[in-house]
Amino acid sequence: MYLSENLKRFRIAKNLTQEDIAEFLHITPQSVSKWERGESYPDITFLPALANILETSIDELIGMDTIRSEQTRYNIHKTATEFQQSGDYKSAETVYRDALLRYPNKPDMMLGLGGVLALQGKSEEAIDLMEKGLPLSINEKQKATIRAALCFLYLKCGKTEKAGALATSLPHIRESREVIQPLMSKEMSEEEINRQIKTILLGIEN
C-alpha cells in the first residue's frame, strides 16, 4: 500500500534515478516506473536488494510503521465505541485521553474524545476539541457526524447563531440540514438536545 510512495521518496533522497535502480536490479526502468506509480509491485525477492540500495529496512520500505500505527488507532476507536455502546462513557473517555497522549495531533482522536465528552454533557470541552479536530480531518463521514452534533452542542450552550450557521452548511445526507434545521427551529429541552446528540454520535434511537 505504501511501497510505491516510499520507493520514490527514498530513491529521490538518495539522489538515484529509476534507471539507477533498474541497473542495480537488472530489470527495465519501466518496471521501476510502474512500481512507483502503483501499477505493479516488485517481486518479494527484490525487497532485500531494494532496501540495501536505498539504505533503509524492508519494514520502512513497505510502510509497516504506518500500517501498525493505523491498526493501533483502529483498535482504539473499536474499544472506545464498544464502551460507548454499552453506556460506559467514562471508560471510553479514558481510552481517548490516553490515545491523545500518544497521538496528540490526530484529528480522529480529538473528534473521538469530543464525541464522548458530548455524551457526558461536557459540552464546552467537546466543542473545543471538535473545532480543533474538524479542520484537520479528512474523514468526510466523521466530519459530517461531528458537524451535526456540534449544531446541538452550540444550541445547548446558547450559541444559537453559530448553530444556525453550521446547520445551513450541512450536506444532503442523514446528518443533513433538512433533518437538523427543522429540529433546531422548535423549542427543545436539554433532555431532547442530549437525545439528538446521542442519536447522531452513536446511531442509536432513544
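Refer to the structure presented above.
Residues numbered from 1 in each chain as written. Predicted model: local features only at pLDDT ≥ 70, side-chain atom pairs only at ≥ 80, totals over all residues. Heavy atoms only, no water.

## Brief notes about the overall build of the protein chain
Phase 1: In terms of regular secondary structure, the protein chain is built from 13 helices and zero strands.
Phase 2: A globule of 206 residues ought to have a C-alpha radius of gyration of about 17 Å, yet the protein chain, at 23 Å, is considerably larger.
Phase 3: Looking at the protein chain as a whole, 43% of its 206 residues are labelled buried.
Phase 4: Long-range contacts, defined here as pairs at least 24 residues apart, represent 52% of the contacts in the protein chain between residues at least 6 apart.
Phase 5: A total accessible area of about 11400 Å² is found for the protein chain, and carbon and sulfur atoms account for 52% of it.
Phase 6: In the protein chain, the 26 positive side-chain charges and the 30 negative ones have mean positions that sit 3 Å from each other. (Helix = DSSP H or I, 4+ residues; strand = E, 2+ residues; numbered from the N terminus. Rg over C-alpha atoms; globule rule 2.2 N^0.38 Å. Buried < 20%, exposed > 50% of the residue type's maximum accessible area, 1.4 Å probe, protein only. Contact = heavy atoms within 4.5 Å. Areas by Shrake-Rupley, 256 points an atom, 1.4 Å probe, with all protein chains shown as cover. Lys, Arg positive; Asp, Glu negative; His and termini not counted. Charge placed at Lys NZ, Arg CZ, Asp CG, Glu CD.)

## Details of the packing of helix H10 (residues 140-156) against helix H13 (residues 190-202)
Phase 1: Taken N-terminus to C-terminus, the directions of H10 and H13 make an angle of 170°; their axes are 9 Å apart at the nearest point. Relative to H13, H10 is oriented roughly antiparallel. Across from Thr145, Ile146, Ala148, Ala149, Phe152, Leu153, Leu155 and Lys156 in H10, the residues of H13 making contact are Glu190, Ile193, Asn194, Gln196, Ile197, Ile200 and Leu201.
Phase 2: Partitioning the contact of H10 with H13 into residue classes produces 10 nonpolar, three polar and two charged. (Axes fitted to C-alpha atoms, helices over the stretch in contact; angles between N-to-C directions. Parallel < 35°, antiparallel > 145°, perpendicular 65-115°, else oblique. Nonpolar A, V, L, I, M, F, W, Y, C, P; charged D, E, K, R; others polar.)

## Description of helix H6 (residues 64-85)
Phase 1: For H6, which comprises 22 residues, the first-to-last C-alpha distance of 31 Å matches the rise-based estimate of 32 Å (1.5 Å per residue) to within 8%.
Phase 2: Buried within H6 we find Arg73, Ile76, His77, Ala80 and Gln84. Looking straight down H6, one finds that the buried residues subtend no more than 95° of arc, so they occupy a single side.
Phase 3: For H6, the secondary structure elements touched by its buried residues are helix H7 (89-102), helix H8 (107-119) and H13. (Expected span 1.5 Å × (residues − 1). Arc of directions from axis to C-beta.)

## Points about the nonpolar core
Phase 1: Counting 43 residues, the largest nonpolar core has Leu150, Phe152, Leu153, Ile180 and Met184 as the members making the most contacts within it.
Phase 2: Contributing elements (two or more residues each) for this core: H6, H7, H8, helix H9 (123-133), H10, helix H11 (160-168), helix H12 (177-184) and H13.
Phase 3: If one sorts the elements of this core by residue count, H10 sits on top with nine residues.
Phase 4: Leave out the neighbours within four places in its chain, and Met184 touches Cys151, Phe152, Leu155, Ala163, Gly164 and Ala167.
Phase 5: With 14 residues, the next largest nonpolar core counts Leu3, Trp35, Leu47 and Leu50 among its residues. (Core = buried A, V, L, I, M, F, W, Y, C linked by side-chain atoms within 4.5 Å.)

## Comments concerning the side chain of Asn6
Phase 1: If you trace the backbone, Asn6 turns up in helix H1 (residues 3-13).
Phase 2: Setting aside its immediate chain neighbours within four residues, Asn6 contacts Glu60, Leu61, Ile62 and Gly63.

## Here's the deal with the pattern of salt bridges
Phase 1: What the rule picks out here adds up to 13 salt bridges.
Phase 2: Between Arg73 and Asp108 there is a salt bridge; the shortest N-O distance is 3.4 Å. Remark: Asp108 occurs in helix H8 and Arg73 occurs in helix H6; sequence separation between them is 35 residues. Assigned by exposure class, Arg73 and Asp108 land together as buried.
Phase 3: We note a salt bridge from Glu93 to Lys90, for which the minimum N-O separation is 3.6 Å. (Salt bridge = Lys/Arg side-chain N within 4 Å of Asp/Glu carboxyl O.)

## Thoughts on the packing of aromatic side chains
Phase 1: For the coordinates displayed, the defined rule picks out one aromatic pair.
Phase 2: Geometry around Phe10 places Arg9 over its ring, the cationic atom sitting 4.6 Å from the centre.
Phase 3: The ring centre of Tyr103 lies 6.0 Å from the NZ or CZ of Arg73, which sits over that ring. (Phe/Tyr/Trp six-rings, centres within 6.5 Å; stacked < 30°, edge-to-face > 60°. Lys NZ or Arg CZ within 6 Å of the ring centre and 35° of its normal.)

Worth remembering: the numbers are spatial, not functional.
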